[in-house]
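Below are the chains, spelled out letter by letter.
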Amino acid sequence: MDGGKFFGAFRACSGIQDAVVLTHVPVGCNWGAAMFKSTSNQPDIRQACTVMHEREIVFGGEEALREALVRANRLYNTPLFVVITGDAPAIIGDDVEGVIDSVTLNKEVVCVDAAGFKGTMRKGYEEALVRLAQLMKERTVIKNSVNLIGFCPDEFKVDADVKELTRLLNNAGIKVNCVISKCSLDEFVNAPAAELNVVMGQGTELAEHMKKEFGVPYLEVDYPYGLEGTADFINAICEHLHAGVNEKKPDLEPFKRIYLYLHELYGTPVSVIGDSHAEHMARFLDSELGFDIEVLAGNEDDYFIFEQNVRNSNTTILFGSSFERNITSELRIPLVRFTYPVFDHVCVYDDAPYAGFRGAVCLTETILNAVMGFGDKFGGLTIKTEEG
Amino acid sequence: MMYGEQTVEIGSESGNGDVRNEGFLRPLISAYSTLPLHGMTAIPGKISGALMVVDSIEDAVPLIHGPIGCAFQRKINPFRPYLPFYETPCTDMNDVDVVYGGEDKLSLGIRETYEKYHPNLIVVITTCPSDLIGDDFKAVVEEIKAKGDVGCDVVYTTGDFVGKTKPVGYQDALFAITDQVLCNGIKREEIERNEESVNIVSFPIHGAGLKVAEMVSVLNEMGIKINKICFDHTTVKDLYDLPKAELTITDYPMAWARLMKERFGVDHYEILAWNRYKETRNPELFSPYGFEGSARVFMEIAQRFGKEAEAEEVIERRKKDATERLSKVKKGLEDKEVAIMGGIHGIGMTLLRDVGIKASVIIYKTQALESRLTSEAINEMLDINVELARKYGSDPEVVVNPTIEEELKAIKETGTDLVISMGATAHKYNKEGIRTFNPMNFMLRHQRIGFEAPIELAMQLKEALKKPRKRNPLLSMLEYDPYRTNLIPEWAALADMFGTLRQGAVGDKDRYDSMYTI
């Protein structure tokens, strides 16, 4: 299910880790944004809300926004405020930029128009990043450096994945200049110093913008799940930077330890749903673990049809988000959570990624444990004999 | 906070009524409940409340009339975050609909929802965009019904039907169902009455089926029948049967219950009688639990049916029996003293009195209330706590908005045996060698109208007094806000911000209403 433009913008902007996001919305929109974000990173709650009520709907929300800006300025010592406007102020026509211009604050303020009815989550993410790009500055290019574009701060395993990809790139002699959007304002401002932008699933519009404004070329790659996927990822970047192909082989020892189980799971019919990572996950499952992909769907596809397709398939494991708990419960099959939103599992250990070489091990371990620990599948079954 | 009030009703999550291992579920539920969002740093808004109502009616389906994001973010059920709202069909309004109107999409959405789910009731929940552009929901719903396009009832809820009666979404959805379905086209005289019967209707997350069992038994002994209990596997047909009762018993005042009285003559009775408190200022009206509180509630219900004599006999017999059993159970508790958190929610003073325990300290934290209640209401709430404590033989030291050091000092100086404290702060006391009792489990599963609850409380308190006195919890190594002692500094800042901005919201600050719905 798609989250709509507001959510996309919120996820992009809250990734600037020393910014405060001020949502100009009624309380309900603010609640949802906070709730989805706080599952696995509870101190990182840099969010304020203008708390629009009926008074603001009738008389306009500009005064509430002005007051919120002033109060937030007193409360938060941060270098950037991002004001994200939702459906209600967009409809009543609040002059958000006018309000921002009328207030003197000791920090940068960027305004993002993100009414939910104006587009998808992807669109919200893309547009918000381009909007934020007005803060970027021309910089001297750092040789063999890249920006990784396409991340959100509330993705499952994001910290661990970024850490692993940074490790792998560093091993290949490549510096990670900025991870967007999971970086400080300073890193974001200096993003044009990178020699290459690496777009992983989303953020293409920002990459296009940076190419045009700062001359930074970009490369679109798959999210690096699996050994093969990771090698492709590293090699593609190395090739582009003329840094030479990375010769380092991944450690196969962990897979050796469980090879008998992998034999048994080979050919397992599975289904995958998710954001831009879904297709890349399916490729890993298919190509490297030998699973048969029954249904592959994106968040923008019709969810009802996805569920029907899964019901009508031989799916034995479903890869998705917390939203899929219902269908997996109904079908009594394991759910492997890998894509946003995950709000019924936490991930706080930064050395257990799903991406990269180490991620291939962790992910395989998760999949095996999901199957092996899934008692219900067999618990309720009775073996019918000829006698009945 | 009502936020964490989840109960064993989730045992039915499996769909076959199996009661699951509560030992596993309790920490699971608590883990979600401790997110300090509700009321302090965010409010879920009307859609969540309406969804909760629809989710509680087994054969009903919601239809969110708004952009897809409204349905996306509502997947998390704020009242039971462990159990999302899986079915949230949405009309997926876009910018064209916002300009030209979303009525066609609503009409299509209702038909599609019926085709997909075949429910007995579709509840259209409107959102900010559809409310703002002025879609004529009523006309769309009536046209659909008139054409016979769907084979079920359809209602719409906007949040406007009940004024600012909180929780708005919850109240409004129930009002809409009552107004547009139960009362629609049915005349009072056509209803086949279930004489001398009551409906017992509680907040859907309160596990009505479990917590009213004793009440049902007592009322039956008085000669009062049960017409319907909601929400306990409630269906649309059950809702249609509600007007057959003579009286509806609710937790607190409900707009839909008043409407049912107006239209069908079904009277209503509220367990938390804050309306009557406003007239009498009798603090006992906030203590419906324990022997005396329950006896009063049962007698007041009986009076509605002219069954005082029957009630007197049943109440006395039940009370006597329970008192005798309690006297054995509570041995060893008589000289114990507890520190309690002030406020309306929590274990009532009447229950503590019943088990023979005195309050040595009342810790009163007002920060979370200051943006929602007037200072008069906050002070009055404190007075109620203190007055009841003194009336029941305690002479507590009262500390208002203390730092943790001040709390600990008061607790130690008074020789307090146990702190009745939620899990979020228990580690601070355990670190200092003070035992704690988490009241949440008792409040969710045991605190109810009836005479058995004090016995269960006594047993649980005795168990708490056997637990290790000193611990070295990992949590106590983290930095917390000095005043909002359950929040780390980042959350405290957020709470300050949210509270400050919310303070100015029109109609959001009530003298009393919020006291019972936060």
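Residues numbered from 1 in each chain as written. Chains lettered and ligands numbered in written order. Predicted model: local features only at pLDDT ≥ 70, side-chain atom pairs only at ≥ 80, totals over all residues. Heavy atoms only, no water.

Asks: Mind showing me how you'd approach the interface of chain B and chain A here?
Replies: One frequently used descriptor of interface size is the decrease in accessible area upon assembly of the parts. On the side of chain A, 53 residues touch chain B, which itself brings 54 residues to the contact. With both sides pooled, the region where chain B packs onto chain A buries about 4500 Å², and carbon together with sulfur makes up 72% of that total. Where chain B meets chain A, there are 0 salt bridges. Counting every contact that joins chain B to chain A gives 5 residue pairs in polar contact (both at pLDDT 80 or more). (Contact = heavy atoms within 4.5 Å. Buried area = accessible area lost by both parts, 1.4 Å probe. Salt bridge = Lys/Arg side-chain N within 4 Å of Asp/Glu carboxyl O. Polar contact = N/O pair within 3.5 Å; in protein donor to acceptor, adjacent residues only side chain to side chain.)

Asks: Is there a simple way to explain the side chain of B:Lys428 in this structure?
Replies: Residue and element names in this part refer to chain B. Tracing the sequence through the fold places lysine 428 in helix H19 (residues 423–431). Look at lysine 428: it is buried, it has no salt bridge, and the nearest opposite charge is glutamate 407 at 8.0 Å. A polar contact is formed between the side chain of lysine 428 and the backbone oxygen of threonine 485, at a distance of 3.2 Å. The residues contacting lysine 428, other than those within four sequence positions of it, are Ile404, Leu408, Tyr480 and Thr485. (Helix = DSSP H or I, 4+ residues; strand = E, 2+ residues; numbered from the N terminus. Buried < 20%, exposed > 50% of the residue type's maximum accessible area, 1.4 Å probe, protein only. Lys, Arg positive; Asp, Glu negative; His and termini not counted.)

Asks: Quick question: what am I supposed to make of the packing of helix H1 (residues 4–13) of chain A against helix H7 (residues 121–132) of chain A here?
Replies: Helix-helix packing: each pair is described by the crossing angle between the helix axes and the interaxial distance. All names here are of chain A. Two numbers describe how H1 lies on H7: the axes approach to 6 Å, and their chain directions differ by 45°. In terms of their interaxial angle, H1 and H7 are classed as oblique. The handedness of the crossing between H1 and H7 comes out as right-handed. Facing Gly4, Lys5, Phe7, Gly8, Ala9, Arg11, Ala12 and Cys13 of H1, the residues of H7 in contact are Met121, Gly124, Tyr125, Glu127, Ala128, Leu129 and Leu132. Counted by class, the contact of H1 with H7 contains 9 nonpolar, 3 polar and 3 charged residues. (Axes fitted to C-alpha atoms, helices over the stretch in contact; angles between N-to-C directions. Parallel < 35°, antiparallel > 145°, perpendicular 65-115°, else oblique. Left-handed = near helix turned anticlockwise from the far one by under 90°. Nonpolar A, V, L, I, M, F, W, Y, C, P; charged D, E, K, R; others polar.)

Asks: What is the right way to look at the nonpolar core in this model?
Replies: Note that soluble globular proteins tend to have their nonpolar side chains buried in a common cluster. Residues A:Leu69, A:Ile84 and A:Leu132 are the most contacted members of the largest nonpolar core, which totals 140 residues. Among the elements that make up this core, the one with the highest residue count is helix H22 (residues 489–503) of chain B (8 residues). In this structure, A:Leu132 is in contact with A:Ala12, A:Cys13, A:Ile16, A:Leu80, A:Val82, A:Val110 and A:Phe188, ignoring residues within four places of it in sequence. Residues B:Leu219, B:Phe291, B:Ile420 and B:Leu465 belong to the second largest nonpolar core, which totals 70 residues. (Core = buried A, V, L, I, M, F, W, Y, C linked by side-chain atoms within 4.5 Å.)

Asks: How do you make sense of a nonpolar patch on the surface when you look at a structure like this?
Replies: Together, B:Val96, B:Val99 and B:Tyr100 make up a nonpolar patch on the protein surface, roughly 370 Å² of accessible area in all. Take B:Val96: its relative accessible area is 47%, and that puts it in the partly exposed class. (Patch = residues over 30% accessible without salt bridge, like charges linked within 9 Å, V, L, I, M, F, W, Y side chains within 5 Å. Areas by Shrake-Rupley, 256 points an atom, 1.4 Å probe, with all protein chains shown as cover.)

Asks: Which parts of the structure should I look at to understand the pattern of salt bridges?
Replies: Under the definition given, this model contains 53 salt bridges over all chains. When the shortest N-O distance is used, the salt bridge between A:Glu164 and A:Arg167 registers 2.9 Å. Highlighted residues: A:Glu164 and A:Arg167, both in helix H8 (residues 158–171), separated by 3 residues, approximately one helical turn. Note on A:Arg167: relative accessible area 25%, which makes it partly exposed. The salt bridge partner of B:Lys307 is B:Glu196, with a shortest N-O separation of 3.3 Å. Taken as a pair, B:Lys307 in the loop between helix H14 (290–304) and helix H15 (308–329) and B:Glu196 in the loop between helix H8 (168–182) and strand S4 (197–201) lie far apart in primary sequence, 111 residues in all. For B:Glu196, a relative accessible area of 32% puts it in the partly exposed group. Within this structure, B:Lys228, B:Lys237, B:Asp238, B:Asp241 and B:Lys244 form a network of salt bridges that share partners.

Asks: Any chance you could explain a negative patch on the surface here in plain terms?
Replies: Together, A:Glu300, A:Asp301, A:Asp302, B:Glu112 and B:Glu115 make up a negatively charged patch on the protein surface. Here A:Asp302 shows up in the loop between strand S10 (292–298) and helix H15 (303–311). (Charge placed at Lys NZ, Arg CZ, Asp CG, Glu CD.)

Asks: What am I meant to see in the environment of B:Tyr277 here?
Replies: Residue and element names in this part refer to chain B. Along the polypeptide, tyrosine 277 turns up in helix H13 (residues 274–280). You can call tyrosine 277 buried: its relative accessible area is 4%. Once the C-alpha coordinates of tyrosine 277 and arginine 317 are considered, the two residues, 40 residues apart in sequence, prove to be 29 Å apart.

Asks: Can you walk me through unusual backbone geometry in this structure?
Replies: As a rule of thumb, non-glycine residues mostly have phi less than zero, and peptide bonds are mostly trans rather than cis. Here the residue pair A:Ile180 and A:Ser181 is connected by a cis peptide bond, since its omega of 10° sits within 30 degrees of zero. Residue position: A:Ser181 is located in the loop between strand S6 (175–180) and helix H9 (185–189). Note the cis peptide between A:Tyr340 and A:Pro341, where omega equals 0°. Of note in the backbone geometry, A:Lys157 takes a positive phi value of approximately 70° without being a glycine. Although it is not a glycine, B:Asp92 adopts a positive phi angle of roughly 55°. Residue position: B:Asp92 is located in the loop between helix H3 (68–73) and helix H4 (95–100).

Asks: Would you take a moment to explain empty space enclosed by the protein for this structure?
Replies: Over the atoms a probe the size of a water molecule is rolled, and this reveals where empty space is left. One pass over the full model with this rule turns up 8 cavities of 30 Å³ or more. Counted as a void, the largest cavity has a volume near 140 Å³. Along the walls of the largest cavity sit 17 residues, with A:Ser40, A:Pro153, A:Asp154, A:Glu155 and A:Cys347 positioned nearest its centre. Elements with a minimum of two residues in the lining of the largest cavity: helix H2 (27–37) and H8 of chain A. Per-class residue counts for the lining of the largest cavity are 8 nonpolar, 4 polar and 5 charged. Contributions of two or more residues to the lining of the second largest cavity are made by H1 of chain A together with H3 of chain B. (1 Å grid on protein atoms, 1.4 Å probe; cavity = no way out; pocket = protein on both sides within 12 Å on 5 of 7 lines; lining within 4 Å. Points joined across faces, edges and corners; volume = space filled by probe spheres on them.)

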